[in-house]
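Descriptive analysis of the structure
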Amino acid sequence: MARARMTFLNEQEQTLIHEQSIKTLEKIGVQVQSRSVLELLEQKGAAVDYDAMIAKLPEKLVNASLETAPKEFSLCARDPKHDLKFPSYPYPYATTSGLAVKVTDLRTGEYRASTRKDAAEFAKLADALNPVDFLWTSLTATDVPAFAHGPHELWATMQNTSKHVQGVTVQSAEDARVQVELAALVAGGSDALRARPLMSVISCPIAPLSFERGAIEAQVEFARAGIPICSMSMSMGGITAPVTVAGTITNANTENLASIVITQAACPGSPHIYTSESAPMDMQTGAINYSAPEKTLIAIGLGEMANRYGIPCLVSDIGFGDETHPNVGPFSDLAIQIMGVASRTDILTGMGCVDSAKGICFGQLVVDAYIWECVREFMKEVHVTEERIGLDAVAEVGHAHHFLKSKHTRRFMRDEITQWDPSKVEMLSSDAKTVIAEANRIAEQLLKDHQVLAFDEDLIQQGDEIIRAYEGRLAA
Amino acid sequence: MAANDIYEEIMQCIADGDEDWARELAQKGLDEGVSPLDLIENGFTPALRAVGERWDTGSIFLPEMILSADAMKAAVRVLQPALQEAGGGAHDMKTCVVGTVKGDIHDIGKSIVGALVEASGLAVIDLGTNVETELFVNAVRERGSCVIGLSALLTTTMVEMKIVLDELAKAGLRNQVRVAVGGAPVTQAFADEIGADGYAEDGMSAMHLIQELAAGLDPAPGESMSKVA
């Protein structure tokens, strides 16, 4: 079976990156700002300097962790038809962007601070759109107590989708326990949640080579509950990683290996997704440069490293918003992203984001979903067999004739050749004003018509009570 | 060596962002009897300005700009004792205090702004990250009139910016300072809401904003080059 994928690093280059990562872990180590996690690593064979909070991880420990990290597992959904099996096949799963702090108001167009209601409504729209395979908690609920916003966002999102939910905000081990409690409530208990993880989480190291206390202690809690972890390295070449493509890949690879070691130390066999959102910095402003071609090269290289380890990965994006209203984005971004989606990633993130991922726009999610629906066909499986090559048909048609009436054409045309939905293509090809109006109209219509698989009222109240109790403990 | 020769070398060493060379040249200038103020006014400051102009036009990159600013800082440290001895009060320099607010450990954005502001000719005091509110207040008490640049990268820590402003007001210091705010979740609307004097989206605009805010400050009595951190 043929599938189009970008290739970048050869075997020798991958080996060098792996060896340099091992050297980093053994000689330089990673900073883990948590005594309990350092103790855990020490028990597993790491050399720990508690004053500097540095753990040096021996190659043997890294290899053992790669061994126990599962190569195949599923991110499960309330509705099993939305379960996501890894490795993904034939194309990656696409999800929404996350943790945006602003939203383009669907009705007024105002670009403003996001609320819990926006998070809920955006989740409903993502639930309605078929090309969105699962959801990140996309918007920050700025109208709830700041230290409880993660559980609020998870709860609002879970209530508005029957697809898998990946949480992107957690601030402490206790926060993690509350999120697990909420997910377990929906799954039907902690064992049921472990068997069918309805949620997973993004857990970011701080590049270079550091793990912040709240996030890493939360990661350990999640791993112990069987919640899949995405160790999202956000290495920025030139600022938080070496400026070179190879240096940035190696830094992100090292952080992922360290994170896998921590997950496996907490709970051997707990699922882990190798993850990166790495890019060079903009050399003039110091901001992250999402438009750099090197970002795509970094993604392709990291996808190859993850594949080498056999660990499912999330290393690339799909999302075309660059303003605060729906748009198809500049051609350069489109070209770069399309190459990126053909990396060996199992997951693509970024749908619906605008303003360098600081904002979310409902209409943009419609645009991104439509583009993804078209683009992913480029990555479908193609059968290369004698039957499909069709020499019999060639002989039958003969020289200088046509295949229009050939049985071979009729047999395979629907299966082989993508026919894009003309109404979607027309919308995406329209002028900017039409794209905005039409994408927003479709979003509004979907929100009006779509029915989410509803929670029982009791369940909602129990979840609300879990969050209220947590807020009470924090306030005390 | 004639003063002009050393100024040419300073121009080159700041362009190269070479800290060691900058220290050497500062010492060499003093040894040859050039006044510390002349070295700054005719040597290091124009050299850094030239680097800033090249950055504005996109011909050099941010890391080069920061290295140049660091080289300037290294030179000023060498010149500091001589400046104090010479009664550096004649060379007034506006001050900018930068820091990431309490509860927030993000360092890079604030440090870039600090380096750029310093390169633009202000004295910079970097209080670091996770800065207790009282440290900002104390800095204003010690330095007098200044610009404060507050950074926050989390929605959970943005609120600390308002607390800093409130505490400055309670201490009766609000009219002595101009407060600029920035960081990924911060917006102009938020800056307006908490009563900050300005908001900037990136390092470059933060530098220009702080320059503008500093220009509007009354010179603090006794503010001098000797107060460079």
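Residues numbered from 1 in each chain as written. Chains lettered and ligands numbered in written order. Predicted model: local features only at pLDDT ≥ 70, side-chain atom pairs only at ≥ 80, totals over all residues. Heavy atoms only, no water.

1. Some words on the nonpolar core
All names here are of chain A. With 42 residues, the main nonpolar core has Val30, Val32, Leu41, Leu57, Val62 and Tyr274 as its most contacted residues. Contributions of two or more residues to this core are made by helix H1 (11-28), strand S1 (30-32), helix H2 (35-43), helix H3 (59-68), helix H8 (213-224), helix H9 (245-266), helix H10 (293-309) and strand S17 (313-317). Looking at this core element by element, the count peaks at 9 residues for H9. Mapped onto the domain boundaries, this core takes at least three residues apiece from domain 1 (11-61) and domain 2 (67-379). Residues in contact with Leu57, not counting those within four places in the same chain, are Leu25, Glu26, Val30, Leu41, Ala46, Val62, Ala258 and Val261. With 38 residues, the next largest nonpolar core counts Ile360, Val366, Val367 and Ile371 among its residues. (Core = buried A, V, L, I, M, F, W, Y, C linked by side-chain atoms within 4.5 Å. Buried < 20%, exposed > 50% of the residue type's maximum accessible area, 1.4 Å probe, protein only. Helix = DSSP H or I, 4+ residues; strand = E, 2+ residues; numbered from the N terminus. Domains from an automatic or database assignment. Contact = heavy atoms within 4.5 Å.)

2. Brief notes about the interface of chain A and chain B
Listed by partner, the interface residues are 17 residues for chain A and 16 residues for chain B. Roughly 1300 Å² of surface becomes buried between chain A and chain B when both sides are summed, with 70% attributable to carbon and sulfur atoms. Our enumeration of links across chain A and chain B arrives at 1 salt bridge. A salt bridge links Lys358(A) to Glu201(B); the shortest N-O distance between them is 3.9 Å. Linking chain A to chain B there are 3 residue pairs in polar contact (both at pLDDT 80 or more). Residue composition of the side of chain A that touches chain B, by class: 7 nonpolar, 7 polar and 3 charged. (Buried area = accessible area lost by both parts, 1.4 Å probe. Salt bridge = Lys/Arg side-chain N within 4 Å of Asp/Glu carboxyl O. Polar contact = N/O pair within 3.5 Å; in protein donor to acceptor, adjacent residues only side chain to side chain. Nonpolar A, V, L, I, M, F, W, Y, C, P; charged D, E, K, R; others polar.)

3. Regarding the domain arrangement of chain B
One can read the domain layout of chain B as domain 1 (3-90) and domain 2 (95-227). Of note, the centres of domain 1 of chain B and domain 2 of chain B, computed from C-alpha atoms alone, are 25 Å apart.

4. A closer look at the sheet that holds strand S13 (residues 229-233) of chain A
Residue and element names in this part refer to chain A. Read from one edge of the open sheet, 8 strands run S6-S18-S17-S15-S13-S11-S10-S9, paired in parallel fashion. The strands lining the two open edges of the sheet, one partner per strand, are strand S6 (93-96) and strand S9 (135-136). Relative to strand S18 (residues 347-351), S6 runs parallel, the two sharing 3 bridges. Along S18, the bridge assignment pairs Thr96 with Met351. Strands in contact with helix H5 (residues 149-159) are S9, strand S10 (165-167) and strand S11 (199-203); relative to S10, the strand with the most contacts, it is inclined by about 170 degrees. (Pairing = 2+ DSSP bridges. Axes fitted to C-alpha atoms, helices over the stretch in contact; angles between N-to-C directions.)

5. Structural notes on the sheet that holds strand S19 (residues 353-354) of chain A
Strands belonging to one sheet form pairs held by backbone hydrogen bonds; the direction of such a pair is parallel or antiparallel. Residues and elements named next belong to chain A. One open sheet accounts for 4 strands, arranged S8-S7-S20-S19; its pairing is mixed. The sheet is open, and its two edges are formed by strand S8 (111-113) and S19, each paired on a single side. The pairing of S19 with strand S20 (residues 359-361) spans 2 bridges and is antiparallel. Following the sheet pairing, Val354 is matched in S20 by Gly359. Against the sheet, helix H12 (residues 362-375) touches strand S7 (102-104), S19 and S20, its axis set at about 70 degrees to S20.

6. Describing the packing of aromatic side chains
We describe a pair of aromatic rings using the distance from one ring centre to the other and the angle between the two ring planes. Residues and elements named next belong to chain A. Evaluation of the coordinates by the stated rule reveals 6 aromatic pairs over all chains. Where Phe86 meets Tyr93, the ring centres are 5.4 Å apart and the plane angle is 75 degrees; that geometry is what we call edge-to-face. Assessed through its relative accessible area of 12%, Tyr93 is described here as buried. Of the aromatic side chains, those joined through ring pairs into one cluster are Phe73, Phe86 and Tyr93. The ring of Tyr50 has Arg35 sitting right over it, with the charged end atom 4.2 Å from the ring centre. (Phe/Tyr/Trp six-rings, centres within 6.5 Å; stacked < 30°, edge-to-face > 60°. Lys NZ or Arg CZ within 6 Å of the ring centre and 35° of its normal.)

7. Details of the pairing of strand S1 (residues 95-100) of chain B
Residues and elements named next belong to chain B. A large share of S1 lies buried, amounting to 6 of its 6 residues. Burial along S1 is two-sided: Thr95, Val97 and Gly99 and Cys96, Val98 and Thr100, pointing in opposite directions, are all buried. In this structure, S1 lies alongside strand S2 (residues 123-126), joined through 4 bridges in parallel fashion. Its bridge partner lying in S2, Thr95 is registered against Ala123. Where the polypeptide runs from S1 across helix H5 (residues 108-119) and back to S2, its parallel neighbour, the crossover connection is right-handed. Two elements, S1 and strand S3 (residues 146-151), share 5 bridges in a ladder whose sense is parallel. Within S3, the residue paired with Gly99 across the bridge is Leu150. (Right-handed = clockwise from strand over helix to strand, strands pointing away.)

8. A few points about the pattern of salt bridges
For the structure shown, the criterion picks out 29 salt bridges over all chains. Its salt-bridge partner being Glu277(A), residue Lys295(A) comes within 3.8 Å of it at the nearest N-O pair. With Lys295(A) in helix H10 and Glu277(A) in the loop between strand S15 (272-276) and strand S16 (279-280), this pair connects stretches of sequence that are 18 residues apart. With relative accessibility at 8%, the residue Lys295(A) sits in the buried group. Owing to a relative accessible area of 9%, Glu277(A) belongs among the buried residues under this scheme. Between Glu132(B) and Lys102(B) there is a salt bridge; the shortest N-O distance is 3.8 Å.

9. A look at the domain arrangement of chain A
Residue and element names in this part refer to chain A. With domains assigned, chain A is organised as domain 1 (11-61), domain 2 (67-379) and domain 3 (386-416). A straight line from the C-alpha centre of domain 1 to that of domain 2 covers 25 Å. Counting residues at the interface gives 23 residues for domain 1 and 23 residues for domain 2. Buried area between domain 1 and domain 2, both sides added, is near 2000 Å², and the carbon and sulfur share of it is 67%. Together, Gln14, Ile17 and Gln33 form the three largest contributors to the area buried by domain 1 at its contact with domain 2, with a combined 27%. On inspection of domain 1 and its partner domain 2, the count reaches 1 salt bridge. In this structure, the connection of domain 1 to domain 2 is made through 12 residue pairs in polar contact (both at pLDDT 80 or more). Listed by contribution, the elements that provide at least two residues to the side of domain 1 that touches domain 2 are H1, S1 and H2. The leading source of residues in the side of domain 1 that touches domain 2 is H1, at 10 residues.

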